[in-house]
Amino acid sequence: MLPFVDTRFRTDPSRRILLGHSYGALLALQILFTESELFSGYALGSPSIWFDQRHVLKMEADYAARRTDLEADVFVYIGEFEGLGPTPLHTTGPDMVADVAALETALRSRAYPGLTLRSEVLNGEDHLSVAPRGFTRALFALLPAR
């Protein structure tokens, strides 16, 4: 599919970004841990790490057992209210803020030389409202002006 896009549009394969939100970010994580070379950057918005008993964290551990580097620029964003908390705005479901923190801790512990990892918890945002603000933050981080 990527060669098809490259032949029909003005692209720069060295700046190929995969942006996903929720289950789309879960898919992006799966690609990161199986075929990371497909994209130079990954924008992961509110990734559904909780899905299938947090299987994607096992994928990360399996990747780390096989490889010593992960060459990727990764930006993860999550809304403040996607975590457990005292207000009715906070989630009563899976603590997605804690899941993002667990992912970040795991990736940082690997000390991959080729990995750039940034994450932000965006205040005042929930699973749906965070997307526009998060997309913008991710694109500015992953595709800085030249």
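Structure: see above.
Residues numbered from 1 in each chain as written. Predicted model: local features only at pLDDT ≥ 70, side-chain atom pairs only at ≥ 80, totals over all residues. Heavy atoms only, no water.

Visitor: Describe the pattern of salt bridges, and please don't skip the residues or the numbers.
Guide: Taken as a whole and judged by the stated rule, the model has 8 salt bridges. Ionic pairing is found between arginine 110 and glutamate 60, a salt bridge with its closest N-O pair at 2.8 Å. You can see arginine 110 sitting in helix 4 (residues 96–110) and its partner glutamate 60 sitting in helix 3 (residues 51–66), a full 50 residues away along the chain. Note on glutamate 60: relative accessible area 2%, which makes it buried. In this structure, the salt-bridge partner of aspartate 73 is arginine 118, at a minimum N-O distance of 2.2 Å. Of this pair, aspartate 73 sits in strand 3 (residues 72–79) while arginine 118 is found in strand 4 (residues 115–122), placing the two residues 45 residues apart along the sequence. (Salt bridge = Lys/Arg side-chain N within 4 Å of Asp/Glu carboxyl O. Helix = DSSP H or I, 4+ residues; strand = E, 2+ residues; numbered from the N terminus. Buried < 20%, exposed > 50% of the residue type's maximum accessible area, 1.4 Å probe, protein only.)

Visitor: Tell me about the sheet that holds strand 1 (residues 17–21), residues and numbers included.
Guide: Spatial ordering of the open sheet is given by 1-2-3-4, a layout of 4 strands whose pairing is parallel. One side of each edge strand has no neighbouring strand; the edge strands of this open sheet are strand 1 and strand 4. On average, adjacent strands in this sheet sit at an angle of 10° to one another, irrespective of strand direction. Contacting strand 1, strand 2 (41–45), strand 3 and strand 4, helix 5 (residues 130–142) runs over the sheet at an angle of about 160° to strand 3. (Pairing = 2+ DSSP bridges. Axes fitted to C-alpha atoms, helices over the stretch in contact; angles between N-to-C directions. Contact = heavy atoms within 4.5 Å.)

Visitor: An account of unusual backbone geometry is requested, with residue identities and associated values reported.
Guide: Its identity is not glycine, yet serine 22 carries a phi of approximately 65°, on the positive side. Mapped onto the elements of the fold, serine 22 is located in the loop between strand 1 and helix 2 (23–32).

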